[in-house]
Amino acid sequence: MKKILTIVMMLAVAAALFPAAGQEVEVTSQRRLLEGVEGPAFYPVINPAGDRLLYCSGNGALKVHDFNDGVTLLVSEGPVAGHDACWGGDGKVYFVTQRIGEDHLVYRTGQSYDATTRKTTQLTAPLHGAVRAVPATHGGALRAPGRETIESSVNIGSAAWTEGNRVYVTVGDDERVFSPVDSWAGYLWASISPDGQRVAFFAAGKGIVIIDLRGQVLAMLGNYEMPCWYNNDYLVAQNAKDDGHQITSSQLLLLKADGTWQAELTRPSSMAMHPTCGGGKIVYTTIDGLLYEMKINIYD
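Notes on the structure in this doc start here. Each chain carries its own residue numbering, running from 1 in the direction its sequence is written. Reporting in this predicted model follows two pLDDT cut-offs: at least 70 for local features of residues, and 80 or more for side-chain atom pairs to be given and counted; totals over whole chains, interfaces and linings ignore these cut-offs and use all residues. With hydrogens and water set aside, each side-chain value is computed from the structure's full complement of heavy atoms.

**A few points about the nonpolar core**
Operational definition: In these notes, a set of buried Ala, Val, Leu, Ile, Met, Phe, Trp, Tyr and Cys residues joined through side-chain atoms within 4.5 Å is what counts as a nonpolar core. A 1.4 Å probe rolled over the protein chains alone gives each residue an accessible area, and that area as a share of the maximum for its type sets the label: buried under 20%, exposed over 50%, partly exposed in between. Only DSSP runs of H or I reaching four residues or more are called helices, and only runs of E reaching two or more are called strands; each is numbered from the N terminus. Whether two residues touch is decided by their heavy atoms; if any such pair falls within 4.5 Å, the residues are in contact.
With 16 residues, the main nonpolar core has Val236, Leu254, Leu265, Ile282 and Ile296 as its most contacted residues. Only strand E22 (234–242), strand E23 (247–256), strand E25 (272–278), strand E26 (281–286) and strand E27 (291–299) provide two or more residues apiece to this core. Not counting residues up to four positions away in its chain, the partners in contact with leucine 265 are Val25, Val27, Val236, Leu252, Leu253, Leu254, Ile282, Met294 and Ile296.

**Details of the environment of tyrosine 230**
By secondary structure assignment, the location of tyrosine 230 is in the loop between strand E21 (225–229) and E22. Note on tyrosine 230: relative accessible area 18%, which makes it buried. For the pair formed by tyrosine 230 and proline 194, sequence separation is 36 residues and the distance between their alpha carbons is 8.6 Å.

**Some words on the pattern of salt bridges**
Note the cut-off: Salt bridge, as used here, is a side-chain nitrogen of Lys or Arg placed within 4 Å of a carboxyl oxygen of Asp or Glu.
Throughout the structure, instances matching the rule amount to 11 salt bridges. A salt bridge links aspartate 195 to arginine 198; its shortest N-O distance comes to 3.8 Å. Arginine 267 serves as the salt-bridge partner of glutamate 264, at 2.7 Å between the closest nitrogen and oxygen. A residue is classified by how much of its surface remains accessible, and glutamate 264, at 39% relative accessible area, is partly exposed. Overall, the relative accessible area of 57% leaves arginine 267 in the exposed class. Linked by salt bridges that have partners in common, Arg31, Lys281 and Glu293 make up one network.

**What about unusual backbone geometry?**
The phi dihedral of leucine 34 falls on the positive side, at around 60 degrees, and the residue is not glycine. Looking at the secondary structure, you find leucine 34 in the loop between strand E1 (24–32) and strand E2 (41–46). Located in the positive-phi region is methionine 226, a residue other than glycine, with phi close to 50 degrees. Summarising the element assignment, methionine 226 is placed in strand E21.

**Here's the deal with the pairing of strand E15 (residues 166–171)**
Just so we agree on the cut-off: DSSP bridges decide pairing: two strands pair if at least two such bridges lie between them.
Here strand E14 (residues 158–163) runs beside E15; their pairing, made up of six bridges, is antiparallel. Counted as the bridge partner of serine 158 is valine 171 from E15. Sheet topology note: the E15/strand E16 (residues 174–178) ladder contains five bridges and is antiparallel. Within E16, the position partnered with tyrosine 168 by the bridge is valine 177.

Below, the structure is given as structure tokens:
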């Protein structure tokens, strides 16, 4: 029995190191976005349909670009509005602004923006402490640790987010909390797969982790950052290196969700970062704020 288990383990390792022949990815197109229209742009977030893009301009304003008509609109000039904005499953933008109160404390306000009507709605009163926007399959939510979550509708569907070394997953009215791997500095960047069956997140010191809706670890994809689901089988992530003071290289990788295969989408010298996926597109920015759109073909 021990011999059989050893052989099985060796085959599993071999499958991870030497994936099936013929697995490859082709970059079919790559183009600069908003060239001559926008200066530096950061924190891009594309919607699931791939026809609208959120980003933070060089002066900190949150903007949305519509690929269909080529129009770019201002969502908010509020401080930090563009840092953690997201698309809800209802097509609205969820974001948080902040201000310094007369008591010299920081207050944060959760808001939503309807890209169709171009109207902004305040969802929370100004709150002292952390407030974050959380995308969900049917809507969005504003989450403040220790407070009741503000949701956009009665049923926001499924959602995932992290707080410290815990990943939270909601499925309907059921909220689940997991700590599936040890991490010296906590978790970041949780997201649900398009089919709603798995969650990807980053654990400091461990890298990208894939779990099921019961918190069971399905795969470890490597020590990369900012994972986003390209489809149910693949993710795009950032692989950045630094010398302890500044980033020295950064590239995008395509990762198979079962951990058996990966490929470079850009070279380390590209300084590509902050990937976001939707509608078969990959959008990213560079360290100096140049936005790009990429399309790929995956051959299994």
